[in-house]
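Each chain, letter by letter, is given below.
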Amino acid sequence: MKIICINACLRMAFLMIFIMSGHSFAQPQKPVSPNYPALILNSEDFPPFNYPDTDGKSAKGLASEKIIELMARAEEQYSIHFFPWVRSFQSAQKDANTCIYVTTRTPAREAMFQWVGPLVKNTWTVFARADDTRRPISIDDLHPYLLGAYRQGAVSEHLLAKGFRTELANADRDNPRKLLAKRFDFWVTGELVGHAFIKDLGLKNQIVPILPLQTKYLYLACNHGVAKERIDRLNMILKNMENDGTSANIEKKFR
């Protein structure tokens, strides 16, 4: 038990240093056109969809595997960089030839980016302390409570727009321990993301999902400086990956 805790804590410490300092994984490929510069793909620690491997040599996760396969088929030159979410998101907005994955496609964000996807499905879910006897059965039942989410994420944007009281962390990874410390009443995040953080932090059986809210789809979102024909080609190739079973085979590995 102590070994598991030590390993989980070491991994978390490594990831925090790794992501806060920024890191990239260069994946040289033949460019689709000599006139196109390499794509910069920003990401964050967001398991099981995207996260840096602890060896510091590769990008891991369901969405990362799809992205790497997509870039290989498109013969794109690119690099993957892991940063805190806000930095990655803002960079994709202002820096040419820069994208971010994965991110929720919402009406408020529609005009900010060009979109490739969807890549993966994400069901927003309410998590509670296992010993908490309160069990809301609808989203309306959540209004009296303080809800945990993370800053500038699609979940927190939605909760704020609907008038919910929120406690926002800089990284979603911080929220399981904040929930256990009773910094807020319930934690709202993606179902698979929540389970991944709970497992990684060694908190299984202490935090449980209690209420699915809605299903959203996550995308690769690109700066408007990326050539539209490039975006169109990536969407076409991603569709082919869906049709030939490649995407389904990747998803099976993470179930």
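Computed from a predicted model, the values in this text were never measured in an experiment.

How each quantity is defined
Residues numbered from 1 in each chain as written. Predicted model: local features only at pLDDT ≥ 70, side-chain atom pairs only at ≥ 80, totals over all residues. Heavy atoms only, no water. Helix = DSSP H or I, 4+ residues; strand = E, 2+ residues; numbered from the N terminus. Buried < 20%, exposed > 50% of the residue type's maximum accessible area, 1.4 Å probe, protein only. Contact = heavy atoms within 4.5 Å. Areas by Shrake-Rupley, 256 points an atom, 1.4 Å probe, with all protein chains shown as cover. Phe/Tyr/Trp six-rings, centres within 6.5 Å; stacked < 30°, edge-to-face > 60°. Polar contact = N/O pair within 3.5 Å; in protein donor to acceptor, adjacent residues only side chain to side chain. Disulfide = S-S within 2.5 Å. Axes fitted to C-alpha atoms, helices over the stretch in contact; angles between N-to-C directions. Left-handed = near helix turned anticlockwise from the far one by under 90°.

1. Thoughts on the overall build of the protein
The number of helices and strands found in the protein is eight helices and eleven strands. The proportion of buried residues among the 255 residues of the protein is 51%. Taking the contacts inside the protein whose residues are at least 6 apart along the sequence as the reference set, 77% of them involve residues at least 24 apart. For the protein, the accessible surface area stands at approximately 12100 Å², while carbon and sulfur atoms represent 54% of it.

2. Side note on the packing of aromatic side chains
Taken as a whole and judged by the stated rule, the model has nine aromatic pairs. Pairing W85 with F89 gives two aromatic rings, centres 5.4 Å apart and planes at 40°, and the pair type is tilted. Taken together, the residues W85 and F89, both in helix 3 (residues 85-94) and four residues apart, mark about one turn of the helix. An angle of 85° between the planes, with centres 5.7 Å apart, marks the rings of W115 and Y219 as edge-to-face. In this pair, W115 is assigned in strand 7 (residues 114-129) and Y219 in strand 11 (residues 207-222), connecting sequence segments 104 residues apart. Each member of the aromatic cluster is reached from another via a ring pair, and the members are F46, F49, W85, F89, F113, W115, Y150 and Y219.

3. With respect to the side chain of T123
One can find T123 in strand 7. Among the polar contacts listed, one links the side chain of T123 to the side chain of T215, at a separation of 3.2 Å. When residues no more than four places from it in sequence are discounted, the contact partners of T123 are T189, G190, E191, P212, Q214 and T215.

4. A look at the state of the cysteines
In the structure shown here, the tally under the stated rule is one disulfide. Paired by a disulfide, C99 and C222 hold their sulfur atoms 2.1 Å apart. In this structure the cystine formed by C99 and C222 twists about its S-S bond by roughly 100°; its chirality is therefore right-handed. Here C99 is found in strand 6 (residues 98-104), whereas its partner C222 is found in strand 11, with 123 residues between them in sequence.

5. Things to note about the packing of helix 2 (residues 62-74) against helix 7 (residues 228-243)
Pairs of packed helices are described in terms of their axes, by the angle between the two and the distance that separates them. Packing of helix 2 against helix 7 leaves a shortest axis separation of 10 Å and a crossing angle of 115°. For the pair helix 2 and helix 7, the crossing hand works out as right-handed. Contacts between helix 2 and helix 7 pair K66, E69, L70, M71, R73 and A74 from the former with R233, L234, I237, L238, N240, M241 and E242 from the latter.

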